[in-house]
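These are the residues of each chain, in order.
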Number of protein chains: 2
Amino acid sequence: MVHNSSETFMVTPWEVKGRIDYLKLAEQFGVKLLTEDDIEEIRRLANNNLHYLLRRRHFYAHRDLNVIIDRIRMGLKCALYTGRGPSADLHIGHLVPWIFTKWLSDVFDMELFFEMTDDEKFLVKGVPLEEANKYAYENALDVIALGFNPKKLHIIIDTEDIKYLYKIAIRVAKKLTISTVKHTFGFTDSSNIGSAFFPTLQIAVAFLPTELYGEEAPVLIPCGIDQDPYFRLARDIAEELRYPKPSTIYCKFIPALTGEEKMSASKPETAIYITDDDRDIKRKIMNALTGGQPTKELQKKFGGNPDKCIVYQYYVVFVENDELVSKIRNDCTNGSILCGECKLILYEKIVKFLHEHREKREKARDKIEEYRLSSKF
Amino acid sequence: MVHNSSETFMVTPWEVKGRIDYLKLAEQFGVKLLTEDDIEEIRRLANNNLHYLLRRRHFYAHRDLNVIIDRIRMGLKCALYTGRGPSADLHIGHLVPWIFTKWLSDVFDMELFFEMTDDEKFLVKGVPLEEANKYAYENALDVIALGFNPKKLHIIIDTEDIKYLYKIAIRVAKKLTISTVKHTFGFTDSSNIGSAFFPTLQIAVAFLPTELYGEEAPVLIPCGIDQDPYFRLARDIAEELRYPKPSTIYCKFIPALTGEEKMSASKPETAIYITDDDRDIKRKIMNALTGGQPTKELQKKFGGNPDKCIVYQYYVVFVENDELVSKIRNDCTNGSILCGECKLILYEKIVKFLHEHREKREKARDKIEEYRLSSKF
């Protein structure tokens, strides 16, 4: 748990509050920023290819990324690990880190272990267990729809696949005191004992590939920086448990359309859901906060400010085409595009993506078992 | 955890200290003593038959035993549940409650769910996980050797059968705060988070038959009274989780041969192990603390005191034959038997039992899977 000293923002795995200073957050968590050298190294290894979310520094910080890069260069075993707390339909922001993870999996030929923490949503967030479990399956469809090969994606549903995790989890648990868990996650004596135990399961998956492959296989974990407390603990105890330390690569949060800090399932207007119809999407985008001028005339005269514009930030994370994003930025700054036009272009991009995504997602419905860890290990 | 106010004894699931006042302990835990009426009711239901461990009040206290008795009378579903923390070879004292449990299972036609808590031994007691797991199998042989039918005995090994327990355990965990677990079991902020979570698994088995049978099936738990804290919590939360409250029937501890309070794996001379050879057994019994007089002459003149005699207490819990036990008591009191002779008779009884037990236990080695829950549910 990190409270900023000036109390302007707070980030925990369950809550993000305030306007986030990402440099300060990285410093507070003690993670490293991605340097030009890191980025160039990845580009070289990826055959002079670089994912737009790296180019644009949406993924911006890490722990020991170099360990994974070195192993990839040397052809040594490693794996990817990320996850989802399933409690509701996804918004498109959830897909962004997974799109990047899919790229890593393809380019560096790594298997992805994907943990659905239905137990966490029940224990920490009070979602009924049956509902969290149902959403584990629903959300899995969205992961599969991104185009994974069933040989490369291993979905773990905590309450159903606990047999893979429990032995590792109790070894983790033995290294973590009640005190450590309280201080790391902000639990108190009034917290339920399940929420306090849960971190051992999120940590366990970081060590699972080494167990399943029967050889040292450190993981790279692409995820939101709010998940760092789990993996900081995982790294603290890895050596004692004779597992390789997990590496991480962290992305920023995607801002809410309304200009708040993070999209939120409890405020539908802040995000575009996978299930939203075109009309909903249009309304939400047209109502989004921009960096534009109050009137058409002022916009044409002074131009807008893309750095304060949520719509522009959506271009950055959802539109791969560099030329288009760069043109939008220039046209905005020099006043040659109005917010309405700009929003319509984004709307069309997102609607096109979502139509295709929903089609792939439905096609995955019958094949979900092939992508589960339990069908392979 | 119960500390006696006068500090003369302490009983927790992991430690028993001091000379135990069983009446006071029952009062402190808030459990009921078995009455003559209870005992008679059981005798009637058991076709005028009564197990010697009940006749002699080795099982002496309970919670809601009448609920189970009523259900048996009405032919309603219920089950038995007990267990073992596997970390070493057993001593014969461990078998005593299971012998009684076997009788209950036979006479009232109830299935027994038997939990091997290898996770607990690792988390709370620091036994290596592989060793605790190995002893889960070894100890299972001793349970099976008591003569169970594989259809009626369902052995659960926590680390291997966690899939049966985890969903129930997290529902239990959600009802227990860190504070409750700390106060009930004496954990502190320095305790590891696994030991604090473990009680949810011991509680989970109390609710498992209801899940597996798909109908209300309260359990009766025959065990040492030191296990009451688990089941007190289980009873506290059962209704909220829509499970029937477990009932319990508690036995006393079996004193150490050396006169200490409880047999102890860390002090070999205090107990007779299943694996002890005849010479070890003879030595241990011959060295046992008795209620006899210092010399043969004084013994013949004044007689011994069976109520202060460990050897006599062993007769009470290990020798089924009432006539023999009663004769030993009389002969001791009136000085017509010397301690040496009395010990030799006990030695022969125990050696005979153990020879047969070890034979049955080896025969069980190939059949252990048939007795596991996982082969049936």
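Procedures and definitions
- Residues numbered from 1 in each chain as written.
- Chains lettered and ligands numbered in written order.
- Predicted model: local features only at pLDDT ≥ 70, side-chain atom pairs only at ≥ 80, totals over all residues.
- Heavy atoms only, no water.
- Pairing = 2+ DSSP bridges.
- Helix = DSSP H or I, 4+ residues; strand = E, 2+ residues; numbered from the N terminus.
- Axes fitted to C-alpha atoms, helices over the stretch in contact; angles between N-to-C directions.
- Parallel < 35°, antiparallel > 145°, perpendicular 65-115°, else oblique.
- Contact = heavy atoms within 4.5 Å.
- Nonpolar A, V, L, I, M, F, W, Y, C, P; charged D, E, K, R; others polar.
- Buried area = accessible area lost by both parts, 1.4 Å probe.
- Salt bridge = Lys/Arg side-chain N within 4 Å of Asp/Glu carboxyl O.
- Polar contact = N/O pair within 3.5 Å; in protein donor to acceptor, adjacent residues only side chain to side chain.
- Least-squares fit on C-alpha atoms with pLDDT ≥ 70 in both.
- Phe/Tyr/Trp six-rings, centres within 6.5 Å; stacked < 30°, edge-to-face > 60°.
- Buried < 20%, exposed > 50% of the residue type's maximum accessible area, 1.4 Å probe, protein only.
- pLDDT = per-residue confidence, 0-100.

## Side note on the sheet that holds strand 5 (residues 59–63) of chain B
Residues and elements named next belong to chain B. Here we have seven strands laid out as an open sheet, ordered 4-5-10-9-6-7-8, and mixed in their pairing. Both edges of this open sheet fall to strand 4 (32–33) and strand 8 (153–157), since each of them pairs with a single strand only. The pairing of strand 7 (residues 112–116) with strand 8 spans five bridges and is parallel. Residue F114 lies in a different strand from strand 8, and its bridge partner there is I155.

## Concerning the packing of helix 8 (residues 162–174) of chain A against helix 8 (residues 162–174) of chain B
Contact geometry of helix 8 of chain A with helix 8 of chain B gives a least axis separation of 9 Å together with a crossing angle of 80 degrees. The orientation of helix 8 of chain A relative to helix 8 of chain B falls into the category roughly perpendicular. Across the interface between the two elements, A:I162, A:K163 and A:Y166 of helix 8 of chain A pack against B:I162, B:K163 and B:Y166 of helix 8 of chain B. Taken together, the residues that form the contact of helix 8 of chain A with helix 8 of chain B break down as four nonpolar, no polar and two charged.

## Some points on the interface of chain A and chain B
At the junction of the two partners, chain A supplies 32 residues and chain B supplies 32 residues. When the area that chain A buries against chain B is broken down by residue, the three leading residues are A:Y166, A:I178 and A:I193, summing to 25%. The tally of links from chain A across to chain B stands at two salt bridges. Across the pair A:D189 and B:K182 runs a salt bridge whose closest N-O atoms are separated by 3.0 Å. Our count for the contact surface shared by chain A and chain B stands at 14 residue pairs in polar contact (both at pLDDT 80 or more). Of all elements in the fold, only helix 6 (118–125), helix 8, helix 9 (178–185), helix 10 (193–197) and helix 11 (199–213) of chain A reach the threshold of two or more residues within the side of chain A that touches chain B. If one sorts the elements of the side of chain A that touches chain B by residue count, helix 8 of chain A sits on top with eight residues. Its residues placed into classes, the side of chain A that touches chain B shows 14 nonpolar, ten polar and eight charged.

## Quick notes on the relation of the copies chain A and chain B
With an RMSD of 0.0 Å, chain A superimposes on chain B once it is rotated by 180 degrees and translated 0.0 Å along the axis. Such a combination of rotation and displacement between the chain copies is what one expects of a two-fold axis. Taken as a fraction of all interface residues of chain A, those also at the interface in chain B reach 100%, which identifies the copy contact as same-surface.

## Some remarks on the packing of aromatic side chains
Two aromatic rings, taken as a pair, are described by how far apart their centres are and by the angle between their planes. Residues and elements named next belong to chain A. Counted under the stated rule, the structure contains 33 aromatic pairs over all chains. Note on F198 and Y230: the rings are 6.1 Å apart at their centroids and 85 degrees apart in plane angle, and the pair reads as edge-to-face. Of the two residues, F198 is situated in the loop between helix 10 and helix 11 and Y230 in helix 12 (residues 228–238); the sequence distance between them amounts to 32 residues. Judged by its relative accessible area of 1%, F198 falls in the buried class. A relative accessible area of 0% means that Y230 is categorised as buried. An aromatic cluster is defined as three or more aromatic residues linked by ring pairs; in this entry it consists of Y81, F185, F187, F198, Y230 and F231.

## Some points on the sheet that holds strand 8 (residues 153–157) of chain A
Residue and element names in this part refer to chain A. The seven strands lie next to each other as 4-5-10-9-6-7-8, forming an open sheet whose pairing is mixed. Whereas interior strands pair on both sides, the edge strands pair on one side only; in this sheet they are strand 4 (32–33) and strand 8. Alignment of strand 6 (residues 79–84) against strand 9 (residues 219–224), held across two bridges, turns out to be parallel. Each bridged residue has a counterpart across the sheet, and for A79 the counterpart in strand 9 is V219. This element, helix 1 (residues 22–29), spans strand 4 and strand 5 (59–63) of the sheet and lies at about 5 degrees to strand 5.

## Here we look at the confidence of the model for chain A
Mean pLDDT over chain A stands at 94; residues scoring 70 or higher make up 97%. Across the assembled chains, the prediction reports ipTM 0.94 with pTM 0.94.

## Notes on the side chain of A:R56
Residue and element names in this part refer to chain A. Position of R56 among the secondary structure elements: in the loop between helix 3 (52–55) and strand 5. Given a relative accessible area of 19%, R56 falls into the buried group. A distance of 2.8 Å separates a polar atom in the side chain of R56 from the backbone oxygen of V316. Polar contacts involving the side chain of R56 include one to the main-chain carbonyl oxygen of V319, which spans 2.5 Å. Contact partners of R56, with chain neighbours within four places excluded, come to Y315, V316, V319, E320, N321, D322 and V325.

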